Amino acid sequence: MNCKPVVSEDIIEAARKLCIERQCNDATGHSHYHSFRVHDTTVALQASEGGNPLKVCIAALLHDVNDKKLLKKGVEPIDLVVFLSDCGLEIEIGNHIVAIIDNVSFKGASVEQIVPDIETAIVMDADRLDAIGAIGIARAFAYGGATGHDLYEPDERPEMHSDEESYFANRHCTVNHFHEKLLLLKDRMNTDTGKQMAQKRHNYMINFLKQFHAEWTGEI
Ligand code: ADP
Ligand code: NI
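Here is a short report on the structure shown in this document. What you are looking at is a predicted structure, and each value in this text was computed from that prediction instead of being measured.

Definitions and cut-offs
- Residues numbered from 1 in each chain as written.
- Chains lettered and ligands numbered in written order.
- Predicted model: local features only at pLDDT ≥ 70, side-chain atom pairs only at ≥ 80, totals over all residues.
- Heavy atoms only, no water.
- Helix = DSSP H or I, 4+ residues; strand = E, 2+ residues; numbered from the N terminus.
- Near = heavy atom within 4 Å.
- Polar contact = N/O pair within 3.5 Å; in protein donor to acceptor, adjacent residues only side chain to side chain.
- Areas by Shrake-Rupley, 256 points an atom, 1.4 Å probe, with all protein chains shown as cover.
- Donors = N, O, S within 2.8 Å, 3.2 Å for Na, K, Ca; no water.
- Buried < 20%, exposed > 50% of the residue type's maximum accessible area, 1.4 Å probe, protein only.
- Contact = heavy atoms within 4.5 Å.
- Salt bridge = Lys/Arg side-chain N within 4 Å of Asp/Glu carboxyl O.

Further remarks concern the environment of Leu62. Along the chain, the position of Leu62 falls in helix H3 (residues 53–62). Through-space distance from the C-alpha of Leu62 to that of Cys19 is 6.3 Å; in sequence the pair is 43 residues apart.

Okay, structure coming up:
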């Protein structure tokens, strides 16, 4: 990259472009629209919770560009500190943005989540809000289909993974993913605003699962 923007709007624009470049045409529920929604929710959360607006916006836009479960064969992760520095951002700020991104991902139900600052709290909540509710349901089944998971397997039991490796290696059906992650997120929101937003989306998933099981067992 050879751009040397001086105002933050230019850096945001460069981050949006990179996000489109890396995530367009994704069939797992992680297209650039996912990161754009996380960005917009981040803006809303920052308005009520505080934190550095530029850091959270850039972290939201770039949080999945290097996600190891999404990297296509032959595509190398991009050095985000170098990318941001080429955009005119100080190394120290770039390092903090990368640290926020490193802590955002869910790593298993029994793995402690590390939230060192308000910026991490906000981006984590925004990412998790996009994992629940109607969009969360759509994304989970898109991911399940794209990676070869069955919709539902009645004999399978959910597992509360205590390490990242077993969480990512897990081949459970998509309905189990609700119990292993999605239904837990409401009580793990970091911010009050995130907690309020999560409640409605959580209720929607509960209703969806009730209907799913009622249809499965022939009650409806
Ligand atoms: P995180 O980094 O916290 O995993 P992402 O933005 O990468 O958050 O999105 C994760 C989403 O991908 C989940 O909320 C879900 O929709 C989907 N996903 C990940 N693993 C699975 C799985 N095993 N089964 C179904 N969906 C999954
Ligand atoms: Ni994400």
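Further notes follow.
Not every one of the 17 residues close to ligand 1 is listed here, only the nearest: His30, His34, Lys69, Ser105 and Phe106. Take Asp67: an N or O atom from its side chain is 3.4 Å from an oxygen atom of ligand 1. A distance of 3.3 Å separates an oxygen atom of ligand 1 from a polar atom in the backbone of Ala140. In the complex, the protein chains occlude 96% of the 560 Å² of accessible area that ligand 1 would expose alone. Of the residues forming the shell around ligand 1, the biggest block, 3 residues, is contributed by helix H7 (residues 133–146).

Let's shift gears to the coordination of the nickel ion (ligand 2). Looking at the nickel ion (ligand 2), one finds its protein donor set to be His34 (NE2), His63 (NE2), Asp64 (OD) and Asp127 (OD), positioned 2.1 to 2.3 Å from the metal centre. Binding-site remark: the nickel ion (ligand 2) is held by donors from one chain whose sequence spacing is H-x28-H-D-x62-D. Judged on exposure class, the residue His63 and its partner Asp64 are both buried.

By the secondary structure assignment, His34 is in helix H2 (residues 32–49). Engagement of the side chain of His34 in a polar contact is seen with the side chain of His63, the distance being 3.2 Å. Excluding residues within four positions of it along the chain, His34 makes contact with Gly29, His63, Asp64, Asp127, Asp130 and Arg139.

In total, this model carries 6 salt bridges according to the counting rule given. Ionic pairing is found between Arg37 and Asp130, a salt bridge with its closest N-O pair at 2.7 Å. Taken together, the residues Arg37 in helix H2 and Asp130 in the loop between helix H6 (118–129) and H7 connect sequence positions 93 residues apart. For Arg37, a relative accessible area of 28% gives the class partly exposed. Classification of Asp130 as buried rests on a relative accessible area of 5%. The salt bridge involving Asp187 is made with Lys186; its shortest N-O contact spans 3.0 Å. Looking at Asp187, the relative accessible area reads 61%, which means it is exposed. Here Lys186 falls in the buried class, since its relative accessible area comes to 19%.

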